[in-house]
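Observations on the three-dimensional arrangement
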Amino acid sequence: MIKIEMDSSWLNYLSPEFEKDYMKKLVSFLKKELELGKIIYPRESEIFTAFNYTPFDDVKVVILGQDPYHGAGEAHGLSFSVNRGVKIPPSLKNIYKELKNDIGFIIPDHGSLVSWAKQGVLLLNVCLTVEKDLPASHKGKGWEIFTDKVIELLSRESKNLVFVLWGSFAQSKSDRIDCFKHLVLKSVHPSPLSASRGFFGNKHFSKINEYLVLNGKVAIDWTIN
């Protein structure tokens, strides 16, 4: 722990991070947790899934989540996404509702967002692991340093990306993004606790595609089959 299974395009930039003290401490923490018999999500081979589905040069959109789903079988390395056959979580249900209202999206019977990731939507959680049934349990253990580096790297090295920041936690990362080079979209979180206070009606999905096309990029096909 941790086995680094990450697309080479990302490792070209991020490999030095795995030699730094904070990452060594994080690895030690995860190892000890596993030795104590604690269950950690997602499984080791899926921790860096987002980086494998969306190579660095393919990134067009970043949708930032807080940490993985903490229920059994839910997390698989993509923010807000679950594998086919897993019950669609409440926040993702609300994302689907907004998509329907925004672009006439047909709501699917599953919650896998892999098709988005393959088109250049980096579905990135700020913390990449979590203990079963304990949300935010790996907060402050080092993942934030790593993913801050990812955000800063994308902001610096890329042009005309869309950063989607839902909720105060995601929005706290906005100071790491050059808003003169990129589009930053903000609203409340799609959680049922907040969605009615500004998530519904934000029209972020149509705004993303308008910006991409305006800047000579291919729009995202939000359809999920």
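Preceding block: the structure.
Now for a quick tour of the structure. (Residues numbered from 1 in each chain as written. Predicted model: local features only at pLDDT ≥ 70, side-chain atom pairs only at ≥ 80, totals over all residues. Heavy atoms only, no water.)

1. Side note on unusual backbone geometry
- For the bond from Tyr-41 to Pro-42, the omega torsion is -10°, close enough to zero to count as cis.
- Structurally, the position occupied by Pro-42 is in the loop between β1 (40-41) and α3 (49-53).
- In this structure, Ala-136 takes a positive phi of about 65° despite not being glycine.
- One non-glycine residue, Lys-203, lies in the positive phi region at around 55°. (Helix = DSSP H or I, 4+ residues; strand = E, 2+ residues; numbered from the N terminus.)

2. Re the environment of Leu-214
- The residue Leu-214 is located in helix α8 (residues 204-214) in this model.
- The class for Leu-214 is exposed, based on a relative accessible area of 71%.
- Placed 73 residues apart in sequence, Leu-214 and Lys-141 show a C-alpha to C-alpha distance of 40 Å. (Buried < 20%, exposed > 50% of the residue type's maximum accessible area, 1.4 Å probe, protein only.)

3. Remarks on the side chain of Ser-112
- For Ser-112, the location among the structural elements is in the loop between α4 (90-103) and α5 (114-118).
- Setting aside anything within four residues of it in sequence, one finds Ser-112 in contact with Ser-81, Val-82, Arg-84, Tyr-96 and Ile-224. (Contact = heavy atoms within 4.5 Å.)

4. Describing the packing of α4 against α8
- Where α4 meets α8, the axes come as close as 8 Å, and the angle between the chain directions of the two elements is 60°. On the basis of the axis angle, α4 is oblique to α8. Counted together, Ile-95, Glu-98, Leu-99, Asp-102 and Ile-103 of α4 and His-204, Phe-205 and Ser-206 of α8 form the full contact between these two elements. (Axes fitted to C-alpha atoms, helices over the stretch in contact; angles between N-to-C directions. Parallel < 35°, antiparallel > 145°, perpendicular 65-115°, else oblique.)

5. Section: the side chain of Glu-46
- Mapping Glu-46 onto the fold places it in the loop between β1 and α3.
- For Glu-46, a relative accessible area of 14% gives the class buried.
- In this view, Glu-46 contacts Ala-75, His-76, Gly-77 and Asn-83; residues no more than four positions away in its chain are not counted.

6. A word on the pairing of strand β3 (residues 121-125)
- With five of five residues buried, β3 is to be regarded as a mostly interior element.
- Burial of β3 is two-sided: the residues Val-121, Leu-123 and Asn-125 facing one way and the residues Leu-122 and Leu-124 facing the other way are all buried.
- The pairing of strand β2 (residues 61-65) with β3 spans five bridges and is classified as parallel. The partner of Leu-64 across the bridge, within β3, is Leu-124. (Pairing = 2+ DSSP bridges.)

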